[in-house]
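# Architecture at a glance
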Amino acid sequence: MVIELTESHVADVAGMPVRRALPRAGRRTVGAWCFVDHMGPLTAATDDGINAAPHPHIGLQTVTWLFQGEALHRDSLGTEQSIRPGQLNLMTAGRGIVHSEEGLGRNGAPVHGVQLWVAQPDRTRHGDSAFEHQSELPQFEAGALTGTTIVGDFAGAVSPARRDTDHVGVDLAIRPGRAVVELEPTFEYAIVVFDGAIDVAGDDVAVTPGHLAYLGSGRDELVLDAATTAHGLLLGGTPFESKISMWWNFVARTHDELETANRDWRSGSDRFVDPASPFARIASPNTPWSSSPK
Ligand code: MN
């Protein structure tokens, strides 16, 4: 088995540097997972923390998973939900939603976590937006591993979270030692590490923060070794049904769809309703493929 190890690049989200592990050149999706941002640990410079002002999404689900700190989510459905470590905020954009994330790192408390996107299949991507908060998620023990199934079904632990495709996201908390878990051979998988190092036994690859290790498909077992305490995420799923077109906060299939969403955002269309946020909505950039934005 060959592992494809790629380096994350540093991106800026609301003035906060994040390590973006996905998408990568040549690797746009792992199952339906299409975006992985590792943020922090970071302490905000002001007492208000870092605020991601209201912005739109289409065609994707956001999966927010914190290791440290707290954040407040607000969206155009009227949701106001704070999130703490061990809890899941899952927002489904469908045809269109607007949300803000406030107070990341508020009161000087460090924030550390990950935000992921899941591409929605054709079946649901033009449908209604939705939001759910899961305050408790199932855990399992496997040798040196304490796993938490955030989304999907893994090692007998089934997450109650909505999923529109066959995919799985598992938090990996590893103590020094070895863990063996079963995989679904038809799924492709990847590992991202936030802290420490996780060795994929048999492949002789140590995965460390700032990298994505793509494991491919056809595996029925995963053997993980850690010399020290380590923390990461296992992502997997059936290879996504189609190629996606992703730009700014939108996931679609064509440039036309992205262009239309951008126009709808700029024109104040009722496709995108502002949440009850104290912050003003953000402006969108111009699409890079059209020289004269409409
Ligand atoms: Mn967002």
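These figures come from a predicted structure and were not determined experimentally.

Calculation notes
- Residues numbered from 1 in each chain as written.
- Predicted model: local features only at pLDDT ≥ 70, side-chain atom pairs only at ≥ 80, totals over all residues.
- Heavy atoms only, no water.
- Phe/Tyr/Trp six-rings, centres within 6.5 Å; stacked < 30°, edge-to-face > 60°.
- Helix = DSSP H or I, 4+ residues; strand = E, 2+ residues; numbered from the N terminus.
- Buried < 20%, exposed > 50% of the residue type's maximum accessible area, 1.4 Å probe, protein only.
- Lys NZ or Arg CZ within 6 Å of the ring centre and 35° of its normal.
- Core = buried A, V, L, I, M, F, W, Y, C linked by side-chain atoms within 4.5 Å.
- Donors = N, O, S within 2.8 Å, 3.2 Å for Na, K, Ca; no water.
- Expected span 1.5 Å × (residues − 1).
- Contact = heavy atoms within 4.5 Å.
- Pairing = 2+ DSSP bridges.
- Axes fitted to C-alpha atoms, helices over the stretch in contact; angles between N-to-C directions.

Scanning all chains against the criterion turns up eleven aromatic pairs. Ring centres 6.5 Å apart and planes at 55 degrees place the aromatic pair Trp-248 and Trp-265 in the tilted group. Linking Trp-248 in the loop between β25 (245–247) and β26 (250–252) with Trp-265 in helix α2 (residues 255–267), this pair joins segments that are 17 residues apart in sequence. A relative accessible area of 2% means that Trp-265 is categorised as buried. Measuring from ring centre to ring centre gives 6.2 Å for Phe-250 and Phe-272, while their planes differ by 20 degrees; the resulting arrangement is stacked. A residue pair is termed long-range when its members are at least 10 positions apart, and Phe-250 in strand β26 and Phe-272 in the segment after α2 qualify at 22 residues. Exposure remark for Phe-250: the relative accessible area of 0% places this residue in the buried category. Accessibility expressed as a relative area gives 3% for Phe-272, which makes it buried. The rings of Trp-247, Trp-248, Phe-250, Trp-265, Phe-272 and Trp-289 are connected pair by pair, giving a single aromatic cluster. A cation over a ring is seen here: Arg-27 above Tyr-214, with NZ or CZ 3.6 Å from the ring centre. Cation over ring: Arg-281 sits above Trp-265, and NZ or CZ is 3.7 Å from the ring centre.

Of all hydrophobic cores here, the largest spans 33 residues; its most connected members are Trp-33, Val-36, Val-63, Val-114, Leu-116 and Ile-150. When residues in this core are grouped by element, the largest group, five residues, is from strand β11 (residues 111–119). In terms of nonpolar packing, the next biggest core, distinct from the first, is built from 29 residues, Leu-145, Val-181, Val-205 and Leu-234 among them.

Around a metal, the idealised angle for a tetrahedral arrangement of four donor atoms is 109.5 degrees; for an octahedral arrangement of six donor atoms it is 90 or 180 degrees. Protein coordination of the manganese ion is provided by His-55 (NE2), His-57 (NE2) and His-99 (NE2), with donor distances spanning 2.1 to 2.2 Å. Within one chain, the residues donating to the manganese ion are spaced in sequence as H-x1-H-x41-H. Of this pair, His-57 sits in strand β5 (residues 50–57) while His-99 sits in strand β10 (residues 97–104), and the two are 42 residues apart along the sequence.

Turning our eyes to something else, we now look at α2. Taking 1.5 Å as the rise per residue, α2 with 13 residues should run 18 Å; its terminal C-alpha atoms sit 18 Å apart, in good agreement. For α2, every residue scored as buried is listed here: Leu-258, Glu-259, Ala-261, Asn-262, Asp-264 and Trp-265. The inward-facing, buried residues of α2 abut β5, β10, β25 and β26. Residue Gly-268 follows α2 closely and has a positive phi angle near 75 degrees.

In this section: unusual backbone geometry. Cis geometry is found at the peptide bond from Leu-22 to Pro-23, where omega equals 0 degrees. Following Gly-40, the chain continues into Pro-41 via a peptide bond in cis, with omega recorded as 5 degrees. With respect to the element layout, Pro-41 can be found in strand β4 (residues 33–42). The residue Ala-155 is not glycine, and still its phi comes out positive at about 50 degrees. Tracing the backbone through its elements, the reader meets Ala-155 in the loop between β15 (153–154) and β16 (157–158).

With that settled, consider the sheet that holds strand β22 (residues 211–216). The strand order β1-β22-β19-β24-β17-β14-β13 describes an open sheet built from seven strands, whose pairing is antiparallel. In the strand order of this sheet, the two ends are held by β1 (4–7) and β13 (139–142), each with one partner. The average undirected angle you get between the axes of adjacent strands in this sheet is 25 degrees.

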